[in-house]
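Coordinate analysis (summary)
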Amino acid sequence: MKTVIRNGRIVTAVDDYHADILIEDGKVAMIAKTIDFEADRVIDAKGRLVIPGGIDPHTHMELPFGGTSASDDFETGTRAAAFGGTTTIIDFAVQSKGQALNAALDTWHAKAEGKTSIDYGFHLICTDLPDERLPEMKSLIDQGVTSFKLFMAYPGVFLVDDGTIFKAMTLAGENGGLICMHAENGVVIDVIVKRALAAGHTAPKYHALTRPTKAEAEGVHRAIALADMANAPVYIVHLSSSDALDEITRGRDAGINAFAETCPQYLFLDYSVYEQPGFEGAKYVMTPPIREQWNQEKLWRGLKTNDLQVISTDHCPFCFKEQKELGRDDFSKIPNGGPGVEDRMSLVFDGGVVAGRISLNRFVELTSTSAAKIFGLFPRKGTIAVGSDADIVIFDPNEEKTISAKTHHMRVDYSCYEGRRVRGVTKTVLSRGELVIDEGEYVGRPGHGEYLKRGLAFSPR
Ligand code: URP
Ligand code: ZN
Ligand code: ZN
């Protein structure tokens, strides 16, 4: 099967030029000024951008949380991702207490296999790492799970202590793996939450008011200090605040291998979402919470200066009606997380490139290339180059659309961006050369997506 994409403007993290692309056997076979020989399929990209498929390294399809599960499964979630121009996700498998790491991974393989429209990899959330289990991390790295998420938050559920974090970082560092940190002082937060509930503060806004930015900054500071002592890299997930960003900047300036992602909800939403009447604020109960508006420009600055390298989504949807409802009388029982996998590319293009905050190349880098490099997928993914997977998005930089739950494809009954007008729309999506979205129509198939055995992004010590 030969596909040619003609007349497009190819934009990668470093290039910007007009050329044609020949795709053969799922890979980019040739890029030339003009490719005019016969092909099985010709796609005209005139007037459009031709960019590497988005990589979202932070999703939670079907995540069990707070007595329920995230409402998108691997079928609905990856289809929605494709609609939005994302061709790779890295989701989080979760180890339950006492479980072997391999058993946890097997469970997530079973959830995803045969379901996904796009390629996928896994990180592993470790919740229980006695010394005898630590070597299992090495076996996971050999299977392409080269990153692990550890939590400083959620005592009794996900939290692991500092000694465990230090040991896991040491092992990861020795083997070329990467620790991803949910950096928030969950022990202190739990005290503040209990005090709030005792005072009768049960509304959704108290989720935000009980999770101060200093608790996040302290977690980031500690994670970086532990990584420094362990001589290992660290990646902070879902960074939300200026205070936390200051810690990243300080660590990086000191030469420590500290990386961080932020998410659209922290760039485009602000604390006022929690002040909406009734139970509406529950839609935005996610962790860390949405911060005061002034944090947004600080995060954009971090994205510009490369103190933040990645924009992921932390896609973890729960329906407003039946799932967020679980916490109607107690904010601490509202399942934490929100939808976003479908909206990321348009939001960041509109709020970043159209608004003049970042360049087109930086847009590609933040939504695709950096994640490919940090998580061991580059150059197979994250760029358009001869030999790379033909994961390609044809993106109209001028078309506008209105984001709405009425038209989105995520399996969730609300949108965090309801009614927001954005410029920049994904039109056509190829995953390893196969059409998944054709001019806004889904033409893919569950089961097309393949498991990605990721490589090492860091040299083992
Ligand atoms: O609220 C969130 N972020 N839910 C997903 C779990 C996590 O901590 O990433
Ligand atoms: Zn987290
Ligand atoms: Zn998450």
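Residues numbered from 1 in each chain as written. Chains lettered and ligands numbered in written order. Predicted model: local features only at pLDDT ≥ 70, side-chain atom pairs only at ≥ 80, totals over all residues. Heavy atoms only, no water.

Let us look at the side chain of T86. Of note, T86 is situated in strand β9 (residues 86–94). Residue class for T86 comes out buried when judged on its relative accessible area of 0%. Of the polar contacts made by the side chain of T86, one reaches the side chain of R344; its length is 3.2 Å. T86 has contacts with G54, D56, A81, I118, V341, R344 and M345, leaving out every residue within four places of it along the chain. (Helix = DSSP H or I, 4+ residues; strand = E, 2+ residues; numbered from the N terminus. Buried < 20%, exposed > 50% of the residue type's maximum accessible area, 1.4 Å probe, protein only. Polar contact = N/O pair within 3.5 Å; in protein donor to acceptor, adjacent residues only side chain to side chain. Contact = heavy atoms within 4.5 Å.)

Our next topic: the coordination of the zinc ion (ligand 2). The protein atoms that coordinate the zinc ion (ligand 2) are K149 (NZ), H182 (ND1) and H238 (NE2), at distances spanning 2.1 Å. When the donor residues of the zinc ion (ligand 2) are listed from N- to C-terminus, their spacing reads K-x32-H-x55-H. Between the zinc ion (ligand 2) and the zinc ion (ligand 3), the interatomic distance is 4.0 Å. Of this pair, K149 sits in strand β11 (residues 147–151) while H182 sits in strand β12 (residues 178–182); the two residues are 33 residues apart in sequence, bridging distant segments of the chain. Here K149 and H182 have matching classes, each one buried. (Donors = N, O, S within 2.8 Å, 3.2 Å for Na, K, Ca; no water.)

We now examine helix α1 (residues 74–83). α1 sits mainly inside the fold: eight of its ten residues count as buried. Those residues of α1 that sit buried are F74, T76, G77, T78, A80, A81, A82 and F83. Close packing links the buried residues of α1 with β9, α2 (101–112), β10 (119–125), β17 (421–431), β18 (434–438) and β19 (441–442). By the N-cap criterion, in which a side-chain oxygen at the helix start approaches the backbone nitrogen of a residue two or three places on, α1 is capped by D73, the distance to E75 being 2.9 Å. Looking one or two residues beyond α1, the residue adopting positive phi is G85, at roughly 95 degrees.

Time to look at the sheet that holds strand β15 (residues 310–311). Note on sheets: strands pair through backbone hydrogen bonds, and any given pair is parallel or antiparallel. The sheet built from eight strands is open, its strands ordered β6-β9-β10-β11-β12-β13-β14-β15 with parallel pairing. At either end of the open sheet lies a strand with only one pairing partner, and these are β6 (54–59) and β15. Sheet topology note: the β6/β9 ladder contains four bridges and is parallel. Opposite I55, over in β9, you have T88 as the bridge partner. Packing against the sheet, helix α11 (residues 344–354) makes contact with β6, β9 and β15, and its axis sits at approximately 110 degrees to β6. (Pairing = 2+ DSSP bridges. Axes fitted to C-alpha atoms, helices over the stretch in contact; angles between N-to-C directions.)

So, to be careful, I would describe these as geometric facts and stop short of saying anything about function.
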